[in-house]
Amino acid sequence: MGKIIIGEKSIGFTMRDETVLIEAYGESCARVRITRNSIISDEKWTLLPPTSQECVVTKDETGASLTTGKLTAKIIPGYFKGYFIVFFKDGEEILRSREEGDYVNKFVHVEGDNYRIKAIFEARAGEHFYGLGQEQQDFFDRKGCTAELLHYNTKSSIPFVYSSLGYGFLWNNPAPGRCELTNNHSLWLAESAYQADYLVIAGDAPADIMRSYCNITGYAPKFPEWAAGYWHCKLRYESQENLFTAAKEYKARDIPIDAIVIDYFHWTEQGNWEFDPHYWPNPTAMCNELKQMGIRPVVSIWPTINPKSKNYKTMDDENMLVRTENGQYGIFDFYGQQTFIDPTNPKTREFVWQKVKENYFAHGIKTFWLDEAEPEVHPQQFSNLKFHLGNGAQTALLYPYYYSKAFYEALKDEGEDEIVLLTRAGYTGIQKYGAIVWNGDIGSSFSALRQSVVSGLSMAICGIPWWNSDIGGFWDGDIESDYFRELIARWFQFGLFSPVMRLHGSRRPAKNHIHKHPGIIEPSRGDNEIWSFGEANYHHIKQLIKLRERLKPYILECMNNTSQTGEPVMRPMFFDYHQDPECYKLSDQYMFGKDILFAPILNEGQTTRNVYLPEGKWIRTSTRQTQEGSQHIKCTAALHEFIAFVREGASVLECFS
């Protein structure tokens, strides 16, 4: 039958081969750990310590209960064997574990103290789920979907979901695995882990749950003013001269530009972390001149390294690299076999920063683009990877978290207080390290644009408020085609109402394209400056960038609120209107802060679409017409128009003059 255990702020249960511990982890938040090992691990992974809370623990003939705030967790022993865990919000049941087979939670031994672990819960009709990070897929509501819990280029797994029943669920386990939110059950699986570990958070509104979630995972820091403007980026500027030519042209054309990015292969070798002096002869002068122009230089850092690097032997000998359990060092074939630095090792973080400090920071580079942050390994056999924190089968999802942590803490130690890190993958808690996550090397297509809206909203509900996509998509856009020119116009409109507005992409070279440095590794492809996409587009995009500049005070006000409350800037309609059932159905329009509603055009050739206006009165920014809320309306927007509404009475409307 098993035995109930009562603690001061916890309840537990023991039975043959299984121990359960449920403890309060903040107001209206409970943490559940279940193991077949003799000791429950105190490893928090990326969690912060629990906040102080009041809780009540009781025991009766049916089992044991723990109540904190609005949440009650109850352990109910099974009649013959096993047990159920049931969660209530304000006395109403919201989540119940489910038996499938011998026990509620399945443990299949893998090796040592690690198991293939499942946590299974009853499905509920009418429940909607949102979150799970980002990937190229179309479903914002993840009910009825399954998802692999792993990272790769274009996919970041944040194992958190918000339920329309008014709770959040965090699977606190960095092992690769799977989540199923299907009609017969909800299932969370870790392929190899010491214990099951998850948290449940209850709240009256999504904002309440997000605040509690950020209390235990961290808040994004203060967002810099410069980062709220327009970022320019392309694949790639091959030299200091090429970069300056573009920067000066932006200024000559009176186009606001806050950041310009120096992309990959500006270096001498992967793992050297230094400018190639042949193409970048005076980085200090370059940074000084850019700053005089009001432009922030951003440099790409890759975590790849190979034996040709001057740093390889030292890092290899001192176990600062990701190693393999079986085979040689190579886990990524890109201009030779590469391995990756191991940022989970504190020694690695210090060593790499000293190289970056000497070769970039000392020249005036204070902002970094952390590419390849998943990391990108082929094949994705995580059990073959050995990190400082353990085998990849148990820890692989932590890589982007520690990669960002390395740079954020180093920059803090150098006295920097405006830290943002453009990062190609994310994990729970990465927001506290200033990570601006983007959705990777996506296609230049309308389908990728539609999926980017879903990605941005999904990341927002996972506590990742600083997010963006490559405007225009990354792969092979034909800047001379009508298709791409329509796409880039619509994507720039989406970029205007994204937390970060950044143009990037590997464009197809135009017919008259001239290679500036023939024979260079990874040469620049087609032009990607905003005057490269046709005259009509140029004037439209220029006006969008100027509008972004006018919106800066509003965006920064929203960002300051994010740092204090966890509320994202780009957020689902139900975030502010959680009592409106219609808002849970909307995946292609969203709120940009509390006062702007944006409804992007997401299909080729489209100029009209339906928009749902929630309660209140709303003013169309382009026409100044006022519409009553709580209704669907049809809106029209020609190619160089967008559809946005401002809440009546909001001062931000003046920016759209």
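Residues numbered from 1 in each chain as written. Predicted model: local features only at pLDDT ≥ 70, side-chain atom pairs only at ≥ 80, totals over all residues. Heavy atoms only, no water.

## Some points on the overall build of the protein chain
In terms of regular secondary structure, the protein chain is built from eleven helices and 42 strands. For the protein chain, whose C-alpha radius of gyration is 25 Å, the value lies close to the compact-globule estimate of 26 Å for 657 residues. C-alpha atoms of the protein chain, sized along the principal axes, occupy 80 × 70 × 40 Å. The proportion of buried residues among the 657 residues of the protein chain is 65%. As presented, the protein chain carries roughly 23,500 Å² of accessible surface, and 47% of it is formed by carbon and sulfur atoms. (Helix = DSSP H or I, 4+ residues; strand = E, 2+ residues; numbered from the N terminus. Rg over C-alpha atoms; globule rule 2.2 N^0.38 Å. Buried < 20%, exposed > 50% of the residue type's maximum accessible area, 1.4 Å probe, protein only. Areas by Shrake-Rupley, 256 points an atom, 1.4 Å probe, with all protein chains shown as cover.)

## As for the side chain of D258
Checked against the element boundaries, D258 lands in the loop between helix 2 (240-252) and strand 20 (259-262). When residues no more than four places from it in sequence are discounted, the contact partners of D258 are W226, G229, Y230, G294, I295, R296, E549 and K552. (Contact = heavy atoms within 4.5 Å.)

## Here's the deal with helix 10 (residues 535-565)
End to end, helix 10 covers 43 Å across 31 residues, agreeing with the expected 45 Å (1.5 Å per residue, within 8%). Where helix 10 bends most, the angle comes to about 50°, and this point is L551, followed within four residues by the proline P553. A positive backbone phi angle near 85° is found at G566, which sits one or two residues after helix 10. (Expected span 1.5 Å × (residues − 1). Bend = angle between axes of the 7 residues up to and from the residue.)

## Section: the packing of aromatic side chains
With the rule as written, the count across this model stands at 59 aromatic pairs. On the basis of an interplanar angle of 70° and a centroid distance of 4.8 Å, the ring pair of F223 and W466 is categorised as edge-to-face. Taken together, the residues F223 in the loop between helix 1 (206-217) and strand 19 (230-232) and W466 in the loop between helix 8 (446-461) and strand 31 (467-468) connect sequence positions 243 residues apart. Here the two residues F223 and W466 agree in accessibility, since each one is buried. Aromatic pair F340 and Y399: ring centres 6.3 Å apart, planes at 85°, arrangement edge-to-face. Here the residue F340 occupies a position in strand 25 (residues 337-340), and Y399 occupies one in helix 7 (residues 399-413), the gap between them amounting to 59 residues. Note on accessibility: F340 and Y399 belong to one class, buried. Just above the ring of F244 sits the side chain of K248; from NZ or CZ to the centre is 5.3 Å. A cation over an aromatic ring shows up here: K366 above the ring of F361, its NZ or CZ 4.9 Å from the ring centre. (Phe/Tyr/Trp six-rings, centres within 6.5 Å; stacked < 30°, edge-to-face > 60°. Lys NZ or Arg CZ within 6 Å of the ring centre and 35° of its normal.)

## Here we look at the pairing of strand 39 (residues 617-620)
In terms of strand pairing, strand 39 meets strand 40 (residues 626-628) through three bridges, oriented antiparallel. Opposite I619, over in strand 40, you have T626 as the bridge partner. In this antiparallel pair of consecutive strands, strand 39 and strand 40, the connection spans five residues, and R624 shows a positive phi of 65°. Sheet analysis places strand 39 next to strand 42 (residues 644-647), joined by three bridges and oriented antiparallel. Considered in strand 42, the bridge of W618 is made with R647. (Pairing = 2+ DSSP bridges.)

## Side note on the packing of helix 2 against helix 3 (residues 283-292)
Closest axis-to-axis distance for the helix 2/helix 3 pair is 11 Å, and the angle between their directions is 5°. One finds that helix 2 runs roughly parallel with respect to helix 3. On helix 3, the residues touching Q240, L243, F244, A247 and K248 of helix 2 are P283, A285, M286, E289 and L290. A per-class count over the contact of helix 2 with helix 3 returns seven nonpolar, one polar and two charged. (Axes fitted to C-alpha atoms, helices over the stretch in contact; angles between N-to-C directions. Parallel < 35°, antiparallel > 145°, perpendicular 65-115°, else oblique. Nonpolar A, V, L, I, M, F, W, Y, C, P; charged D, E, K, R; others polar.)

## Considerations on the sheet that holds strand 22 (residues 304-305)
Reading across the sheet, the three strands line up as 22-25-24 and stay open at both edges, with antiparallel pairing between neighbours. Edge positions in the sheet fall to strand 22 and strand 24 (332-333), since each has one partner strand and no second. Relative to strand 25, strand 24 runs antiparallel, the two sharing two bridges. When the sheet's bridge partners are listed, F332 is paired in strand 25 with Q338.

## Side note on the pattern of salt bridges
Following the criterion strictly, the structure yields 44 salt bridges and no others. Residue D254 pairs with K546 through a salt bridge whose shortest N-O separation is 3.1 Å. Of the two residues, D254 sits in the loop between helix 2 and strand 20 while K546 sits in helix 10, which places them 292 residues apart along the sequence. Looking at K546, the relative accessible area reads 23%, which means it is partly exposed. The salt bridge involving D476 is made with R508; its shortest N-O contact spans 3.2 Å. Here R508 lies in strand 34 (residues 506-508) and D476 lies in strand 32 (residues 475-478), a separation of 32 residues in the sequence. Beyond isolated ion pairs, a larger network of salt bridges with shared partners links D371, E372, E374, E376, R424 and D441. (Salt bridge = Lys/Arg side-chain N within 4 Å of Asp/Glu carboxyl O.)

## As for the sheet that holds strand 3 (residues 18-24)
Read across the open sheet, the eight strands follow the order 1-2-3-4-18-15-14-12; overall the sheet is antiparallel. Both edges of this open sheet fall to strand 1 (3-6) and strand 12 (129-131), since each of them pairs with a single strand only. Taken over all neighbouring pairs, the strand axes of this sheet differ in orientation by 20° on average, direction set aside. One ladder, built from four bridges, connects strand 1 with strand 2 (residues 10-15); its direction is antiparallel. Opposite I5, over in strand 2, you have G12 as the bridge partner. Along the sheet face, helix 1 touches strand 4 (29-35), strand 14 (160-163), strand 15 (167-171) and strand 18 (195-202) and points at about 140° away from the line of strand 18.

## Focus on the packing of helix 9 (residues 482-496) against helix 10
Running from N to C, helix 9 and helix 10 cross one another at 5°; their axes reach a closest spacing of 10 Å. Taken together, helix 9 and helix 10 sit at an angle that is classed as roughly parallel. Where helix 9 approaches helix 10, its residues R485, I488, A489, F492, Q493, G495 and L496 are matched on the opposing element by N537, H540, I541, L544, I545, L547, R548 and L551. Classifying every residue of the contact of helix 9 with helix 10 by side-chain character gives nine nonpolar, four polar and two charged.

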